[in-house]
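# Overview (structure and organization)
The residues making up each chain are set out below.
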Amino acid sequence: MARRKRRKTTKRPKRTFPKVFLCPKCGKRSIRVKVLKEKGSADIQCGSCKLSESVRAHILTDPIDAYHEFLDNYSKTH
Ligand SMILES: [Zn+2]
């Protein structure tokens, strides 16, 4: 019984799931970020007000990084 725990495997999700962030335009938590590593960009879209942007991304970019870049761009242009 002592060794049973070793059979437990840790799950590593291979896909990056879209995460939901706060929208600077409509104020709702409905921003989805998709990092397209092959394209070197990340798509940002609000499911509520349909705001949509695209920012630079690379192999190490997390959705949160892309979101922050988007927020930065948004605050400069609005
Ligand atoms: Zn919105």
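Everything below is about the structure printed above this text.
Residues numbered from 1 in each chain as written. Predicted model: local features only at pLDDT ≥ 70, side-chain atom pairs only at ≥ 80, totals over all residues. Heavy atoms only, no water.

When helices and strands are counted, the protein shows one helix and four strands. Along the protein, helices (α) and strands (β) appear in the sequence β-β-β-β-α when read from the amino end. The buried share of the protein, taken over its 78 residues, is 26%. Sequence separation of 24 or more characterises 23% of the internal contacts of the protein that already satisfy a separation of 6 or more. In the form shown here, the protein has an accessible surface area of approximately 6,700 Å², with 50% of it arising from carbon and sulfur atoms. (Helix = DSSP H or I, 4+ residues; strand = E, 2+ residues; numbered from the N terminus. Buried < 20%, exposed > 50% of the residue type's maximum accessible area, 1.4 Å probe, protein only. Contact = heavy atoms within 4.5 Å. Areas by Shrake-Rupley, 256 points an atom, 1.4 Å probe, with all protein chains shown as cover.)

Around the zinc ion, the protein supplies C23 (SG), C26 (SG), C46 (SG) and C49 (SG) as donor atoms, at distances of 2.3 Å. Viewed at the metal, the four donor atoms of the zinc ion are separated by angles of 104 to 116°, and the geometry they form is tetrahedral. All donor residues of the zinc ion come from one chain, and their arrangement in sequence is C-x2-C-x19-C-x2-C. Here C26, found in the loop between β1 (19-22) and β2 (29-36), pairs with C46, found in strand β3 (residues 41-46); they are 20 residues apart in sequence, far enough to count as distant. (Donors = N, O, S within 2.8 Å, 3.2 Å for Na, K, Ca; no water. Tetrahedral: all angles 85-135°; square planar, octahedral: opposite > 155°, others 65-115°.)

Next up on the list: the environment of C49. In this structure, C49 sits in the loop between β3 and β4 (52-56). Between the C-alpha atom of C49 and that of C23, which follows or precedes it by 26 residues, the distance is 8.7 Å. Not counting residues up to four positions away in its chain, the partners in contact with C49 are C23, K25 and C26.

Across all of its chains, the model carries three aromatic pairs by this definition. The interplanar angle of 15° and the centroid separation of 4.5 Å between the aromatic rings of F21 and Y67 together place this pair among those described as stacked. Of this pair, F21 sits in strand β1 while Y67 sits in helix α1 (residues 63-77); the two residues are 46 residues apart in sequence, bridging distant segments of the chain. On the numbers, 6.0 Å between centres and 50° between planes, the contact of F70 with Y74 is tilted. Within this pair, F70 and its partner Y74 are both found in helix α1, separated by four residues, close to a single helical turn. Given the relative accessible area of 12%, Y74 is considered buried. Counting every residue linked through ring pairs, the aromatic cluster contains F21, Y67, F70 and Y74. (Phe/Tyr/Trp six-rings, centres within 6.5 Å; stacked < 30°, edge-to-face > 60°.)

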